[in-house]
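# Summary of the model geometry
These are the residues of each chain, in order.
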There are 2 protein chains.
Amino acid sequence: MASFKPYRVSSNGKFKLSKIDPGDIPFAQGSEDQQREQLTELAIELDKLQNRLHAEGRRKVLLVLQGMDTSGKDGTIRWVFSRTSPLGVRVIPFKVPSELERAHDFLWRCHAVVPGSGQLMIWNRSHYEDVLVPVVEELIDKKETQRRYRQINDFERLLVETGTTVIKCMLHISSEEQRTRLQERIDTPGKQWKFSRGDLAVRLKWDAYQTAYEKALAATSTEHAPWHVIPANSKTHRNLMIAQLLVRSLKDMKLQLPPADPALEGLVVT
Amino acid sequence: MASFKPYRVSSNGKFKLSKIDPGDIPFAQGSEDQQREQLTELAIELDKLQNRLHAEGRRKVLLVLQGMDTSGKDGTIRWVFSRTSPLGVRVIPFKVPSELERAHDFLWRCHAVVPGSGQLMIWNRSHYEDVLVPVVEELIDKKETQRRYRQINDFERLLVETGTTVIKCMLHISSEEQRTRLQERIDTPGKQWKFSRGDLAVRLKWDAYQTAYEKALAATSTEHAPWHVIPANSKTHRNLMIAQLLVRSLKDMKLQLPPADPALEGLVVT
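Let us look at the structure shown here. The structure presented is a predicted model; accordingly, all values stated were derived computationally and were not measured. (Residues numbered from 1 in each chain as written. Chains lettered and ligands numbered in written order. Predicted model: local features only at pLDDT ≥ 70, side-chain atom pairs only at ≥ 80, totals over all residues. Heavy atoms only, no water.)

Looking only at helices and strands, chain A features 10 helices and five strands. Over its C-alpha atoms chain A spans a radius of gyration of 20 Å, differing by no more than 12% from the 18 Å that the globule rule assigns to 270 residues. Taken over 270 residues, chain A has a buried fraction of 51%. Taking the intrachain contacts of chain A between residues at least 6 apart in sequence as the baseline, contacts between residues at least 24 apart amount to 81%. On chain A, roughly 12800 Å² of surface is accessible, and the fraction owed to carbon and sulfur atoms is 51%. (Helix = DSSP H or I, 4+ residues; strand = E, 2+ residues; numbered from the N terminus. Rg over C-alpha atoms; globule rule 2.2 N^0.38 Å. Buried < 20%, exposed > 50% of the residue type's maximum accessible area, 1.4 Å probe, protein only. Contact = heavy atoms within 4.5 Å. Areas by Shrake-Rupley, 256 points an atom, 1.4 Å probe, with all protein chains shown as cover.)

Take a look at the structure:
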C-alpha cells in the first residue's frame, strides 16, 4: 500500500497545497477491474469494522469531507459506503446556515450532530465552511480568522478526548478538472439537478479559495485531528484512498465486541 | 410476485393477527442462491430509486419497523439497505424515552425526526411503542389508548398530506422462534451484546403484546398509511418481502429527475 504520509498535513503550521498534485494516483494500482474489486473489498471491510464499532457501543468516528464544488464529496459517500448498513452511519450535509443557526456561534450546529457512542458520522462540508467562505468574502478579519482556527482546534480536541476518532479529508481537484465536471453537469440532463449557477460565482474565486484552504488546513491539522489531502482528479483514486484511510483508522482503534458475560452461562429461555 | 393483499391490515378496524402465520414464505421463491441474488437485485434497485428520491428533492419516505425483540428490525435494515448510499437514508432508533422526551407529548420526539425533502427515514421502533408498552403495562386506560390511536392517525395524515409516503411493517415471528433466537444470543459470545435480561421480562408478556399489537394495527391501518404484517420466522422471507414492498412503493411514487433547464443550454464554463 502507498504511504499516507506525503498527503498528511503537518501539524507544524507549514503547508503548501500547491505541492500536492490533484492528479496523483498512488492508491489506485493495478487494472481497472482490480481497482473496482479492491474498492468493493474495502467497502465490505468497512462495513464489518463499523458493525464492530456499533457493537462495542463506546467510541465514535467523525469523517469530515471538504472540497470545492464537484470535488466528489457525494460520490465518495456513495462509493466508499456502498456496503455499509445505515444502522450506524449517518450523513450530515452542511448547507448555507439558516437564520436560527446564524443566531448562534458557528460551532453550535456542528456540536448538535457529532457522533454518539458506536456511531460513524460523515460531515458533507463542515465547520470549516466558516473559515473558508467568510475569509474569501472578507467578512472576517485576520484576528477573527485566527480565533476561529483556535476554536476549531479546541472543539475537535474535546471530541477526541471524549472518544471520537476525527478523520479530515480535503478532496483536492484541479481548476481544469472542476471546469470539466461543471460542464458535464450542465450538458447532461440527468446531472443538471446537481448544478447551481452559484457554483460559477464561487469558481471565479478559485485562487482565493485555494489560499483559504491552504491556510485553514495548515492551522488546523493537529496531532489529535490531522488533515489528509486526497488527490481527487481521479474518482477511483479518491475512493480507494479514502476507503483505505478509513479502514486503517478503524483498525487502529482495535474495536472489540463486548466480552462474554459469565453470568449468562447456562441461562435457558423458556 | 406474491400478493401483498393478505398481509395488508384492513382499514375497517377488523384484524386478527393470529390468522397470519409467521412461518409463511410467499415472497421467498426459488433456490437459496436465487433468493440471495434476488435480494441483491432489489437492494440495488432500491438504491437507484432512493437516489431519484434524493435528486427529485421534493417528497419523503418513512419506513416504520415494529416487532417483538429479535423479530429482525436490525437485520432488515442491514440486508434490505445493504446497497443504499447513506447520502439519503437515515435510521432513527427509538429507545426508552429520556426525561426530556417524557416531558413532552409522545409524538414530540417523532416529529423532530420525520424525513425531510428527498429523504428516506427508517424508524427502528417508533411512536407505536407508546400504544404498546403502556397498554401492556396498564399505564393508560382504554379511553387514553383510543385517543392515542386517533392522535397517531392524525399525525400520519399530516405527514402524508405534506408529501410523505408512510410504509409501516410489523415483523411477525412466533413465540417459539423468539425463544430460539434469544437462546442463540445467550449462547453465542459474538451475539451476546445484543441480549438484555429485560428481553426475558418482556417475553413473559408475549400474549399481552400480541393483543396490544393486534388492536393497535387494527386501529391505525388507514388508507393513507396502511400496516403490513411481515411473516418473519424466515429471515430471507422477511428481507425479500420488505424489499419488494419498498421497491413497489417507491415505484408507485413515479419519482422523476428534475427536468432539464432550457436556460442552461449552451452555457460554457470557463
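Read on for the rest.
All names here are of chain B. In the contact formed by helix H6 (residues 142-161) and helix H9 (residues 206-220), the axes pass within 9 Å of each other and the chain directions differ by 45°. Relative to H9, H6 is oriented oblique. Considering only the axes of H6 and H9, their crossing is right-handed. Each of Tyr149, Ile152, Asn153 and Glu156 in H6 lies in contact with H9, whose residues at this interface are Lys215, Ala216, Ala219 and Thr220. Among the residues making up the contact of H6 with H9, the classes are represented as four nonpolar, two polar and two charged. (Axes fitted to C-alpha atoms, helices over the stretch in contact; angles between N-to-C directions. Parallel < 35°, antiparallel > 145°, perpendicular 65-115°, else oblique. Left-handed = near helix turned anticlockwise from the far one by under 90°. Nonpolar A, V, L, I, M, F, W, Y, C, P; charged D, E, K, R; others polar.)

Moving on, we come to unusual backbone geometry. In this structure, Glu138(A) is a non-glycine residue whose phi angle is positive, near 55°. Looking at the secondary structure, you find Glu138(A) in the loop between helix H5 (133-136) and helix H6 (142-161). Overall, the relative accessible area of 71% leaves Glu138(A) in the exposed class. Unusually for a residue other than glycine, Arg125(B) sits at a positive phi of about 70°. Locating Arg125(B) in the fold gives a position in the loop between strand E3 (120-124) and helix H5 (133-136).

Before going further, it helps to spend a moment on the interface of chain A and chain B. Facing the 43 residues of chain A at the interface are 44 residues of chain B. Approximately 3800 Å² of surface area, both sides summed, lies buried where chain A meets chain B, with 59% of it carried by carbon and sulfur atoms. For the chain A face of the interface with chain B, the top three residues by lost area are Arg78(A), Trp193(A) and Val269(A), together amounting to 20%. Linking chain A with chain B are two salt bridges, by the criterion used here. (Buried area = accessible area lost by both parts, 1.4 Å probe. Salt bridge = Lys/Arg side-chain N within 4 Å of Asp/Glu carboxyl O.)

Attention now goes to helix H10 (residues 235-252) of chain A. Residue and element names in this part refer to chain A. Over its 18 residues, H10 runs 26 Å from end to end, which matches the ideal 26 Å to within 8%, given 1.5 Å per residue. In terms of residue burial, H10 counts as a mostly covered element, since 13 of its 18 residues are buried. Among the residues trailing H10, Lys254 stands out with phi positive, at a value near 50°. (Expected span 1.5 Å × (residues − 1).)

Turning our attention to the sheet that holds strand E5 (residues 227-231) of chain A. Residues and elements named next belong to chain A. Judged by pairing direction, the sheet is parallel, and its five strands sit side by side in the order E2-E3-E1-E4-E5 without closing on themselves. Two strands in the sheet have a free side with no partner beyond their single neighbour: strand E2 (89-93) and E5. The average angle at which neighbouring strand axes cross in this sheet is 20°, direction not considered. Judged from the eight bridges that link them, strand E1 (residues 60-67) and strand E4 (residues 164-172) form a sheet pairing that is parallel. Note on E4: the bridge partner recorded for Leu65 is Cys169. Docked against the sheet, H6 engages E1, strand E3 (120-124) and E4, running at close to 135° with respect to E4. (Pairing = 2+ DSSP bridges.)

The subject of this paragraph is the relation of the copies chain A and chain B. For these two chain copies, the linking operation is a rotation about an axis paired with a shift along it. It takes a turn of 180° to lay chain A on chain B, together with a shift of 0.0 Å along the axis; the resulting RMSD is 0.0 Å. What we have between these two chains is a two-fold relation. (Least-squares fit on C-alpha atoms with pLDDT ≥ 70 in both.)

This brings us to the side chain of Thr70(A). All names here are of chain A. Tracing the backbone shows Thr70 in the loop between E1 and helix H2 (73-80). A relative accessible area of 7% places Thr70 in the buried class. Look past the residues within four positions of Thr70 in its chain and what remains in contact with it is Ile173, Gln178, Arg181, Leu182 and Arg185.

Residue and element names in this part refer to chain B. Read from one edge to the other, the open sheet built from five strands follows the order E2-E3-E1-E4-E5, with strand pairing classed as parallel. What marks the edges here is a single partner per strand, and that holds for strand E2 (89-93) and strand E5 (227-231). Taken pair by pair, the neighbouring strands of this sheet meet at an average axis angle of 20°, ignoring direction. Note that E2 and E3 share five bridges and pair parallel. Counterpart to Val91 in the pairing with E3 is Ile122. Relative to strand E1 (residues 60-67), helix H2 (residues 73-80) is tilted by about 140°, and along the sheet it contacts E1, E2, E3 and strand E4 (164-172).

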